[in-house]
Structure formats: structure tokens, C-alpha cells
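# Summary of the model geometry
Spelled out from the first residue to the last, the chains are:
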Amino acid sequence: MSASQTTDVPTLLVKIFGKDRPGITAGLFDTLAAYSVDVVDIEQVVTRGRIVLCALVTEPPKGLEGDLRATVHSWAESMKMQAEIISGKGDNRPRGLGRSLVTVLGHPLTSEATAAIAARITKAGGNIDRIFRLAKYPVTAVEFAVSGVETEPLRTALVTDAARLGVDVAVVGAGLYRRAQRLVVMDVDSTLIQDEVIELFAAHAGCEDEVAEVTAAAMRGELDFEQSLHARVALLEGLDASVVDKVRSEVRLTPGARTLIRTLKRLGYQVGVVSGGFTQVTDDLKERLGLDFAQANTLEIVDGKLTGKVTGEIVDRAGKARLLRRFAAEAGVPLSQTVAIGDGANDLDMLNAAGLGVAFNAKPVVREAAHTAVNFPFLDTVLYLLGVTREEVEAADTLDVG
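For clarity, every value in this text was computed on a predicted model and none was experimentally measured.

## Examining helix α9 (residues 257-266)
Every buried residue of α9 is listed here: A257, T259, L260, I261, T263 and L264. On its buried side, α9 packs onto β9 (183-186), β10 (270-278), α10 (279-289), β13 (338-342), α14 (382-385) and α15 (390-397). Remark: G268 follows α9 within two positions and exhibits a positive phi of approximately 90°.

Dropping the structure here:
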């Protein structure tokens, strides 16, 4: 029976609830099968061992509804469950135009924040069709399926409240692309890794404080990145090239970085990095982590010494966005299917060019401009914004992804 054929057809909503155990779903439909009803819709939720099972079915042949009701109630009682049966017509009301998925991350996720998010969705003209928990660790992540409002205005309405409520909110359009092949491109310094690579080099050159001051100003958007890059690299002139291996050993991955990449690769995603840092480090990360793409600036080395210069194409703010497009073309992935992750002002063009731009523990100017922000210190929480559950993450942890 088609959806159009069920519009005015008498239907019964059969609701079963109680302690979950194997065989409940099969048992209910075995009971209903004796009355030759057709299934129009099914919903089942299990929370802390309690099940709510709803079946929308067509009305049984004339004269049998009373018997069906009595039989279902008797079966439910035998299973120590409760049953409720409601008469009506047709299917669920049509969902409104506009489909979005709203992911909310909290640590903890408070009832106050949940109420505010739900109220804001309603005020924006949306209806919450389903709610699903993606993860309970290391943060609580829930996903709202929303209809009736377009994605962009819903995102604008929700993201403004997120910081005040102490949660992170991501709003993306719903559709088949959610599970399609995608490309994820990350910044490196203070995103994939906890460090600023230039500062690690500077520590060996004895000019760490000077470099850190310039780096901070550049990340805040107060200085032109290319000029600040040349100024910082110039301070490294004369440093022995053997320091490269020392810096590589000092690099600390951000918590959750390996899990993020391993899970993405297992799901068939391609993963790359772009960095205002240096290929002397990113090439090593690409090999260690099995990345598909990596691009950064290159420190010039002559006669075993750093010259204080960089060679080749400069990877700056505009360069990162350009590389995102290049990687997407090489990967055969539409730009709309890309995800960019970064923390600094020089990541903004890349974040805005991607289908989803994620500001990760970012500076205020970046959080305000990105599609969404993650303010928890675990990089793998980004997976929940892509609809990946904690169970899928843990399954990927047990598998060799090559």
C-alpha cells in the first residue's frame, strides 16, 4: 500500500512499553499477523533497558478490531508489558520542507541546554522528528532530526545560543551525502597536534619567546601571515638541520587524533592536512598516520643548516583554501562533501570554503565565523558532527585499517 493510499485509511497505533528483552518485536508482529494488517510505520527506542515500540498498522477486517485489541493486551500482559492502542486515520502527518540534522555536544549535557535548544528549534519554525544519542563518552552527543525549516536559518538561530548554554551545536543538511565518501582536511598546529611547530624549532634556537609572540598575533588575525612567517623563520637561521629529528620526536598529537583518523579511514573517508608549519614535520605525520594528503611550507636547508628562509609555494590563509579545493579535486569529492577543521584566523578561508567548517578549540574570531565549533579537548568528538556513533568509533579501534 502506497503512502497516498493510506491517507484516509483507518489505522491503529499500537504502542508497547516496558522492560526490554529478546523477542518483543517479533512477538508483537506475530500477534498482529493473525489479523492480516499491513505495517505502515514502526518506531522502537530502548533506553536503560526500557523499550517503547510503536507500530502503525492498517485496521483489521471488519468486526475483528475488538478481538485484535484484546489479543494484543493479553500478549503484552503475558510479557509483563503495557499496551496502548489508538484508532485514527492515515499515516503520520507529512514532514515540513527543509531537513536538517542538529548535533549537540555537552559535557555534561544539561536539561536546561536541551530545553533551550528544543525551544529555539520550535521558534525557528522547525519540528523535531527524532532524537538519537550518538555518544556518552567523552562527551554526551545527541542528534536531532529536524524538518520544517531550512538549514542556514536554523544554524544561525542555534549557534548564537550554543556558547551561552555551554554546548557545541552543529547544523547540517540531511540527505544521502551524510554517509557518502567525503574528504576531511585539518590544520596541524594546535589542531592535529598540541604544539606550534615553529615554537618547537625556536626553543632549540633560543628565541622561543620572540616567535611565540609573533605567532599569537598572527593567529589572532592581527598580522599578515606571510610576513609573520618570514619574520619567524628568519630567527632560525644557522640552526643545525639535525634539530628536525628532535622536533619530530617532540610533537604531541591532540587527544583523539589517532582515533579520528583511524575511524575516518575505516569509513572510507580520505584525510589530509594543510599547515602553515613545515613539510619537515607534516611529511612525517603523513607517513605515521596514513594520511592521503599533506602540504605545508618547507624550511630551506643548505649545507646542513637552516638558512632562515622557506622555499616553494607559501601555505597561508588563501593557500589553505586553495589546497582544500586541490585535494578535493584529486580525491574526486565535491567541495560540498568536504570537512575542514582548524583553530586560527589563517584557517578561516578553508573553513568557509568547505561543506562543513569546524572551529576546534579556536580563537573567538574563528568560532564566530565557522559553521560550527567544538570546544572540547578531544579531536575525535568531530566524528559525532558527521553522525558517527561511539559504537562505530570503538569498532574501528579494533580493526586494522592499513
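This is not the end of the story, as more comes after the structure.
## Brief notes about the sheet that holds strand β12 (residues 305-311)
Strands sit in the order β12-β11-β10-β9-β13-β14-β15 across an open sheet of 7 strands; the sheet is mixed. At either margin of the open sheet sits one strand with a lone partner, and together these are β12 and β15 (372-374). Between one strand and the next, the sheet's axes are offset by a mean angle of 25°, whatever the strand orientation. Across 4 bridges, strand β11 (residues 293-302) lies against β12 in antiparallel orientation. Bridge pairing in β12 links L299 to V310. Against the sheet, helix α7 (residues 225-234) makes contact with β10, β11 and β12, and its axis sits at roughly 170° relative to β12, the strand it touches most. Relative to the sheet, α10 contacts β10 and β11, its axis offset from that of β11 by approximately 140°.

## With respect to the nonpolar core
M186, L192, F201, F278, L285, I341 and L379 are the most contacted members of the largest nonpolar core, which has 63 residues in total. No other element matches the 5 residues that helix α5 (residues 197-205) contributes to this core. Counting residues in each nonpolar core, the second largest holds 22 residues, with V185, V315, F327 and L348 among its members.

## Regarding the packing of aromatic side chains
In the structure shown here, the tally under the stated rule is 2 aromatic pairs. Ring geometry for F201 versus F278: centroids 5.9 Å apart, planes at 90°, classification edge-to-face. One end of the pair, F201, is in helix α5; the other, F278, is in strand β10, with 77 residues separating them in the sequence. Pair check on accessibility: F201 and F278 agree, each one buried. Measuring from centroid to centroid gives 4.8 Å for F293 and F327, while their planes differ by 15°, and the two rings are stacked. Of this pair, F293 sits in strand β11 while F327 is found in helix α11 (residues 317-331), placing the two residues 34 residues apart along the sequence. Classification of F293 as buried rests on a relative accessible area of 9%. The ring of F17 has K15 sitting right over it, with the charged end atom 5.4 Å from the ring centre.

## Examining unusual backbone geometry
Glycine aside, residues mostly have negative phi angles, and peptide bonds mostly take the trans form. Going from H107 to P108, the amide bond is cis rather than trans, its omega being 5°. Cis peptide bonds are those with omega within 30 degrees of zero, and the linkage from Y137 to P138 qualifies with 0°. Along the polypeptide, P138 turns up in the loop between β6 (127-135) and β7 (140-147). With phi around 65°, S190 is a residue other than glycine that occupies positive phi space. Examined against the element boundaries, S190 turns out to sit in the loop between β9 and α5. Residue class for S190 comes out partly exposed when judged on its relative accessible area of 23%. Here N361, not a glycine, exhibits a phi torsion of approximately 45°, which is positive.

## Here we look at α7
When α7 is considered as a whole, its buried residues turn out to be F225, S228, L229, R232 and V233. Buried residues of α7, seen end-on, are gathered within an arc of 125° and therefore sit on one face of the element. Near the N-terminus of α7, the side chain that reaches the backbone nitrogen of E226, with its oxygen 3.2 Å away, is that of D224.

## Topic: the environment of R133
Inspection of the secondary structure assignment puts R133 in strand β6. For the pair R133 and T215, spaced 82 residues apart in sequence, the C-alpha separation works out to 39 Å. For R133, the contacting residues outside a window of four places in its chain are A141 and V142.

## Points about the side chain of T389
Along the chain, the position of T389 falls in the loop between α14 and α15. In contact with T389, other than residues within four places in its own chain, are F132, L134 and Y384.

## Description of the pairing of strand β2 (residues 39-47)
Sheet analysis places β2 next to strand β3 (residues 50-58), joined by 8 bridges and oriented antiparallel. Paired with T47 across the strands is R50, a residue of β3. Hairpin connection, β2 to β3: the antiparallel pair is bridged by 2 residues, and R48 has positive phi, about 45°.

## Remarks on the packing of helix α1 (residues 24-33) against helix α2 (residues 65-78)
Following both chains from N to C, one finds α1 and α2 inclined at 155°, their axes separated by 10 Å at the closest point. For the element pair α1 / α2, the angle class is roughly antiparallel. As α1 packs across α2, the resulting crossing turns out to be right-handed. Residues I24, G27, L28, T31 and L32 of α1 form the contact with α2, whose own contacting residues are L68, T71, V72 and W75. The residue makeup of the contact of α1 with α2, split by class, is 6 nonpolar, 3 polar and no charged.

Basis of the calculations
- Residues numbered from 1 in each chain as written.
- Predicted model: local features only at pLDDT ≥ 70, side-chain atom pairs only at ≥ 80, totals over all residues.
- Heavy atoms only, no water.
- Buried < 20%, exposed > 50% of the residue type's maximum accessible area, 1.4 Å probe, protein only.
- Helix = DSSP H or I, 4+ residues; strand = E, 2+ residues; numbered from the N terminus.
- Contact = heavy atoms within 4.5 Å.
- Pairing = 2+ DSSP bridges.
- Axes fitted to C-alpha atoms, helices over the stretch in contact; angles between N-to-C directions.
- Core = buried A, V, L, I, M, F, W, Y, C linked by side-chain atoms within 4.5 Å.
- Phe/Tyr/Trp six-rings, centres within 6.5 Å; stacked < 30°, edge-to-face > 60°.
- Lys NZ or Arg CZ within 6 Å of the ring centre and 35° of its normal.
- Arc of directions from axis to C-beta.
- Polar contact = N/O pair within 3.5 Å; in protein donor to acceptor, adjacent residues only side chain to side chain.
- Parallel < 35°, antiparallel > 145°, perpendicular 65-115°, else oblique.
- Left-handed = near helix turned anticlockwise from the far one by under 90°.
- Nonpolar A, V, L, I, M, F, W, Y, C, P; charged D, E, K, R; others polar.

These values are about where atoms sit, not about what they do.
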